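Residue-level structural notes
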Amino acid sequence: MNRFLIHFVLIACFVTTRGALLPTSIDVRLKSPWFCHDLDCPAFAIEDDKVARDMELRNYAAAQWVSTNVSDVKYDEAVRTGFWRLFQYISGTNEEDLKIEMTAPVKVQVVPGAGPYCKSQFKISFFVPIESQGSAPKPTDSAVYLDDAPAARFFVYSYPGFTYESKMLDKLNTALAALNTTDYKYDASYFFTAGYDSPFRLINRHNEVWIPAL
Ligand SMILES: *[C@@H]1O[C@H](CO)[C@@H](O)[C@H](O)[C@H]1NC(C)=O
Ligand SMILES: *[C@@H]1O[C@H](CO)[C@@H](O)[C@H](O)[C@H]1NC(C)=O
């Protein structure tokens, strides 16, 4: 009887864990979407795949990123500046002179400025490869830092092709307008963009805007 009960409890725990919406650790097998191609990318679970057209609600696991902040009027300019710093970091500008594999996506947190000519705050981030999660070398450029992102939920709007500031803002607006027609609540004070491809990939390109869920 006792043994039966223990068995039951174990199964119940297992089922609950498996059914939980939040992945608790980086698990390569959890999800490797097509748009990551052969690059490591962060794990997520889909909570609602039909929030709106081209938009799903994702639960991201906590993960380590390497980030740098840029203050600029222009998104494209800020991303170029940040990308270059992070590219130096993965090319060996770190305390172990270690070369680190490129991953996906290039994530950019945007905290919009007060007006169109005001500077916005951008945080550009690379995902730390799965095998280096938690053990990535310290950056030697003081503008670059290791960044532990907590588990979080985002409304993710996807679109193909090459992207740039005006197109991205247009997609963000489409996503926000669609979200406004649902009962979901979101944080409008910041958002993320995620780009999965190098400029050398000409087809099957994938881009996202992430709006924080409340
Ligand atoms: C980097 O920028 C983000 C977004 O604006 C901000 O939340 C964070 O505090 C900044 N971190 C540093 C180290 O400046
Ligand atoms: C969504 O709703 C908010 C709050 O009502 C509003 O401020 C915002 O302009 C709306 N956004 C779009 C793109 O319709």
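Residues numbered from 1 in each chain as written. Chains lettered and ligands numbered in written order. Predicted model: local features only at pLDDT ≥ 70, side-chain atom pairs only at ≥ 80, totals over all residues. Heavy atoms only, no water.

Under the annotation held in an unreviewed UniProt entry, the protein carries the name Heme-binding protein 2 and is attributed to Chlamydomonas eustigma. Quoted verbatim from the Sequence similarities (unreviewed entry) field of the UniProt record, the comment on the protein reads "Belongs to the HEBP family." (UniProt positions renumbered as here; feature names shortened; annotations may be inferred.)

Quick look at the pairing of strand S5 (residues 120-127) now. On a regular strand, each side chain points to the face opposite its neighbour's, so the side chains alternate between the two faces of the sheet. For S5, a buried count of seven out of eight residues is recorded, marking the element as mostly surrounded by other parts of the structure. Here strand S3 (residues 63-72) runs beside S5; their pairing, made up of eight bridges, is antiparallel. Bridge assignment links Asp 72 to a residue of S5, and that residue is Ser 120. Looking at chain direction, strand S4 (residues 106-111) and S5 are connected through six bridges and run antiparallel. Considered in S5, the bridge of Val 108 is made with Ile 124. (Buried < 20%, exposed > 50% of the residue type's maximum accessible area, 1.4 Å probe, protein only. Helix = DSSP H or I, 4+ residues; strand = E, 2+ residues; numbered from the N terminus. Pairing = 2+ DSSP bridges.)

Residues in contact with ligand 1, as listed here, are Asn 69, Gln 109, Val 111, Gln 121 and Tyr 145. In the model, an oxygen atom of ligand 1 is placed 2.4 Å from a nitrogen or oxygen of the Asn 69 side chain. Here Tyr 145 contributes a side-chain N or O atom positioned 3.5 Å from a nitrogen atom of ligand 1. Contact with the protein chains removes 48% of the 360 Å² of surface that ligand 1 exposes when unbound. Across the shell around ligand 1, the residue classes break down as two nonpolar, three polar and no charged. (Near = heavy atom within 4 Å. Polar contact = N/O pair within 3.5 Å; in protein donor to acceptor, adjacent residues only side chain to side chain. Areas by Shrake-Rupley, 256 points an atom, 1.4 Å probe, with all protein chains shown as cover. Nonpolar A, V, L, I, M, F, W, Y, C, P; charged D, E, K, R; others polar.)

This part is about the side chain of Asn 94. Tracing the backbone shows Asn 94 in the loop between helix H2 (75-90) and S4. Side-chain polar atoms of Asn 94 contact the backbone oxygen of Tyr 89, separated by 3.0 Å. At a separation of 2.8 Å, a polar atom in the side chain of Asn 94 contacts the main-chain carbonyl oxygen of Leu 98. Non-local contacts of Asn 94, meaning those with residues more than four positions away in its chain, are made with Tyr 89, Ile 100, Pro 137, Lys 138, Pro 139 and Thr 140. (Contact = heavy atoms within 4.5 Å.)

This part covers the site of ligand 2. Every residue near ligand 2 is listed here: Asn 173, Leu 176, Ala 177, Asn 180 and Tyr 186. Between Asn 180 and ligand 2, the recorded distance is 2.3 Å, taken from a side-chain N or O atom to an oxygen atom. Looking at the shell around ligand 2, its residues break down into three nonpolar, two polar and no charged.

Turning our attention to the pairing of strand S9 (residues 206-212). The buried fraction of S9 amounts to seven of the seven residues, a majority that puts the element mostly inside the structure. Neither face of S9 is exposed, since His 206, Glu 208, Trp 210 and Pro 212 on one face and Asn 207, Val 209 and Ile 211 on the opposite face are all buried. As defined by bridge partners, strand S7 (residues 152-160) adjoins S9 across seven bridges and the pair is classed as antiparallel. Of the residues in S9, the one forming a bridge with Val 156 is Trp 210. Direction of pairing for strand S8 (residues 191-195) relative to S9: antiparallel, over a ladder of four bridges. Bridged to Ala 194 within S9 is Glu 208.

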